[in-house]
Amino acid sequence: MTSAIPLNVGIARSPGATAAGGKRVLLAEPRGYCAGVDRAVETVEKALDKHGAPIYVRKEIVHNRHVVETLRERGVVFVDENDEVPEGALVVFSAHGVAPTVHESAAARNLRTIDATCPLVTKVHQEAKRFARDDYDILLIGHEGHEEVEGTAGEAPEHVQLVDGPDSVDAVTVRDPAKVIWLSQTTLSVDETMATVERLRERFPTLQDPPSDDICYATSNRQTAVKAMAPECDLVIVVGSRNSSNSVRLVEVALGAGARAAYLVDYAREIDPAWLDGVRTVGITSGASVPEILVTGVLDLLAEHGFGEVQPVTTANETLVFALPRELRPSRKDAAAKS
């Protein structure tokens, strides 16, 4: 779960820090791995331990270069589609979710499957199926081509229409304006999503909201932390990959909230020293699919450039944990033996 009470949001200045030319780092908390990513990566690691290499994974298990490369070194084979997996082999579906047709094609090839879809994405899939059964037009706010969008839309393709930002609203058509609901990709910018919803509601005043917030708690929390620190920052560095929607959004959120500059990097070595010219306060955060070791690398590099003071900016505590897929949970017999 997430703490409902913001913590330590006040950003105190060290005595004379900026006035005397001192340098500091504001470190966003929460940042990095969310519960869904942690579960997905552990799913692949446990599958390797249990079944040995090779393990096949459809698409990237999560959108992070370091994670994918590390798992590939351990014997994971990443494929785009099920027909690249040898018949009868084991394939893991990524955290972003898949359409029913993907499960069907796996069954047709006698593939053994483990579904690492984030439970919060599964929730959106269930909402799509529910409202399709009730014959609603479903307006799915998200980015065209994103794996999560493809999976959600695949649950009810005859009912789902993609809305890729506010500028796409004018092209939307519905059968009955009284039976329209919006859902969203879980990793979007909260502000951008609500701007799209407002535009949709101008066209469809009776547009219904989803039964619960689709923007994932981790996406929202990371954006809130960035908003809290960005006005103080000459520079914000977001650690994350360019195909990570939530990481890209953090750069946009930082700039929108007042950071003078913001950049996305996979590794510390990608930081251009010129970015630090004249900078006194650097904000650091990381996307929800980023392991903490990559943030540590950025902190070490900044320390070499005089940014030794690190101050946390904490806006929430996250304690949510998701159970592993049932195929990888200890059996009752194993649990009893350990106790």
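Located above this text is the structure these notes cover.
These notes cover the structure that comes with them. (Residues numbered from 1 in each chain as written. Predicted model: local features only at pLDDT ≥ 70, side-chain atom pairs only at ≥ 80, totals over all residues. Heavy atoms only, no water.)

1. Section: the nonpolar core
Across soluble globular proteins, nonpolar side chains have a tendency to be buried as a group. Counting residues in each nonpolar core, the largest one holds 31 residues, and the members touching the most others are Val44, Ile61, Val62 and Val92. With seven residues, helix H1 (residues 35–51) is the largest single contributor of residues to this core. Contacts of Val92, omitting those with residues within four sequence positions, involve Thr43, Val44, Ile55, Tyr56, Val57, Arg58, Ile61, Ile114 and Ala116. Val25, Ile284, Val298 and Leu301 belong to the second largest nonpolar core, which has 22 residues in total. (Core = buried A, V, L, I, M, F, W, Y, C linked by side-chain atoms within 4.5 Å. Buried < 20%, exposed > 50% of the residue type's maximum accessible area, 1.4 Å probe, protein only. Helix = DSSP H or I, 4+ residues; strand = E, 2+ residues; numbered from the N terminus. Contact = heavy atoms within 4.5 Å.)

2. Quick look at the sheet that holds strand E4 (residues 90–93)
Pairing between the strands of a sheet is mediated by backbone hydrogen bonds and can be parallel or antiparallel. Reading across from one edge, E3-E2-E4-E5 is the order of the four strands in this open sheet, with parallel pairing throughout. The open sheet has two edge strands, strand E3 (76–79) and strand E5 (112–115), and neither has a second partner. Along the sheet, successive strands turn relative to each other by an average axial angle of 30°, direction set aside. Bridge analysis of E4 against E5 gives four bridges, and the strand direction is parallel. Looking across to E5, one finds that Val92 is bridged to Ile114. (Pairing = 2+ DSSP bridges. Axes fitted to C-alpha atoms, helices over the stretch in contact; angles between N-to-C directions.)

3. Description of the side chain of Ser244
Structurally, Ser244 is set in the loop between strand E9 (235–239) and helix H8 (245–256). When its relative accessible area of 1% is taken as the criterion, Ser244 is described as buried. Within the local environment of Ser244, its side chain forms a polar contact with the side chain of Asn246, the two groups lying 3.3 Å apart. Discounting residues that sit within four places of it in the chain, Ser244 has contacts with His63 and Ser289. (Polar contact = N/O pair within 3.5 Å; in protein donor to acceptor, adjacent residues only side chain to side chain.)

4. Side note on unusual backbone geometry
Both trends apply: most residues other than glycine have a negative phi, and most peptide bonds are in trans. A cis amide bond links Glu29 to the next residue, Pro30, at an omega of 5°. Looking at where Pro30 falls in the secondary structure, it is placed in the loop between strand E1 (24–29) and H1. With omega at 0°, the peptide bond leading from Ala53 into Pro54 counts as cis. Of note in the backbone geometry, Lys59 takes a positive phi value of approximately 65° without being a glycine. Relative to the elements of secondary structure, Lys59 occurs in the loop between strand E2 (55–58) and helix H2 (65–73). A residue is classified by how much of its surface remains accessible, and Lys59, at 18% relative accessible area, is buried.

5. A closer look at the environment of Cys216
With respect to the helices and strands, the residue Cys216 is situated in the loop between helix H6 (190–203) and helix H7 (217–229). Along the chain, Cys216 and Phe78 lie 138 residues apart, while their C-alpha atoms are 25 Å from each other. In contact with Cys216, not counting residues within four places along its chain, are Leu120 and Thr186.

6. What to know about the environment of Val298
Tracing the chain through its elements places Val298 in helix H9 (residues 292–304). C-alpha of Val298 to C-alpha of Ile237: the two residues are 61 residues apart in sequence and 8.7 Å apart in space. Dropping the residues within four chain positions of it, Val298 is found in contact with Ile237, Val239, Ala268, Ile271 and Ile284.

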